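# Residue-level structure breakdown
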Amino acid sequence: MHSLGFVLLYFIIRNLDFQLIKENFSLFKPWKIAAGLGILLLVYLIKTYRWLTITRSFGMNASYRTLLLFFLFSGLLSTITPGRLGEFSRIWFIQKQYRAGITVSTSSVLLDRIWDVLILSMVGGISMILVISRFSIEWYTVAMIVMIFLVALGIILFPGILFRPAMALAGKRPVREELEQIYRVWKEKRMGLIFPGFSTSLLAFGLLAIIPVMLSADLDAPVHYGTSVTAVSISNILSFLPITVAGFGTREFIFTRVFSIQPYPDHIAIYVSTIYFICTYLGSMLFGGIVYGVWIRKFYNLREIRRRKQ
């Protein structure tokens, strides 16, 4: 199934004018890679703070530095696993590091991931409405955007909307215990978690959308921030599908389709999406590789991490 992403990529680039793409790359300034990596690191710092807040709500006395190292290394594992499942390696790490129970460890990581999915779904849903309306702001598009926001806010304030059906589907399986734990903590501390959870998740995503804007600033057609948010959010949603490796195919498809509405030519979209991939995916591999080589491999064996993650 992963080959479908590369097949899709072939149909996207087969008619491109590669001379124009070459000209775009000739204008590229290397410092922008460093700036993109800096933004990515800042995103990890923000998300680690969110995870720290969640773990402490479960009574775990975790260290920010240690959680940051785990988060950076899980970013590496996420780039090489379908659906970014590598992030769940954090469950095993905090179990080993803090002697936490499986329920608490799983619950803290799942709740952290739920925030990402919730914000991404909200922004992605709004982006889809803008794409369908071809970025025409009418009363009905505003009404649909407000409705999506209220649904996301409703799930945050009333988590039973999400968890009660999930627990019913889980039946008596072990995962029900983790879901009940998350639901209980979320319901009890929702007002205390809503600001750090919502604000950090939205801020982290908003920072990622700056990268395409920065990359296109020197081109003939600089990308607007709203266009970047739309392309990044929808492509990130599709990257969870098991038909792509590291977003190849789906990312380029979304960037070309969204950019064409503004309109931006396809060679601009491919250029921006390629450098965005380098900054985010390869950047995650770089940070995670450094963390593993300098710190994690001294304490945890990679084969053991892989076995436990599976």
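Residues numbered from 1 in each chain as written. Predicted model: local features only at pLDDT ≥ 70, side-chain atom pairs only at ≥ 80, totals over all residues. Heavy atoms only, no water.

This part covers a nonpolar patch on the surface. Taken together, the side chains of Val142, Val146, Phe149 and Leu150 define a hydrophobic patch exposed on the protein surface, amounting to about 320 Å² of accessible area. Along the chain, the position of Phe149 falls in helix H7 (residues 139-157). (Patch = residues over 30% accessible without salt bridge, like charges linked within 9 Å, V, L, I, M, F, W, Y side chains within 5 Å. Areas by Shrake-Rupley, 256 points an atom, 1.4 Å probe, with all protein chains shown as cover. Salt bridge = Lys/Arg side-chain N within 4 Å of Asp/Glu carboxyl O. Helix = DSSP H or I, 4+ residues; strand = E, 2+ residues; numbered from the N terminus.)

So, on to the pattern of salt bridges. Applying the stated criterion to the full structure yields 6 salt bridges. For Asp112, the salt bridge goes to Arg90, with nearest N and O atoms at 3.0 Å. Placement of Asp112 in helix H6 (residues 102-132) and of Arg90 in helix H5 (residues 89-98) is noted, with a sequence separation of 22 residues between them. Arg90 shares its class with Asp112; the two are buried. Sharing partners across several salt bridges, the network here consists of Lys47, Arg50, Arg90, Asp112, Arg113 and Asp116. (Buried < 20%, exposed > 50% of the residue type's maximum accessible area, 1.4 Å probe, protein only.)

If you check helix H4 (residues 64-79), its first and last C-alpha atoms are 23 Å apart, about what 16 residues at 1.5 Å a residue would give, namely 22 Å. By the criterion of burial, H4 is predominantly enclosed, with 14 of the 16 residues buried. By the N-cap criterion, in which a side-chain oxygen at the helix start approaches the backbone nitrogen of a residue two or three places on, H4 is capped by Ser63, the distance to Arg65 being 3.4 Å. (Expected span 1.5 Å × (residues − 1). Polar contact = N/O pair within 3.5 Å; in protein donor to acceptor, adjacent residues only side chain to side chain.)

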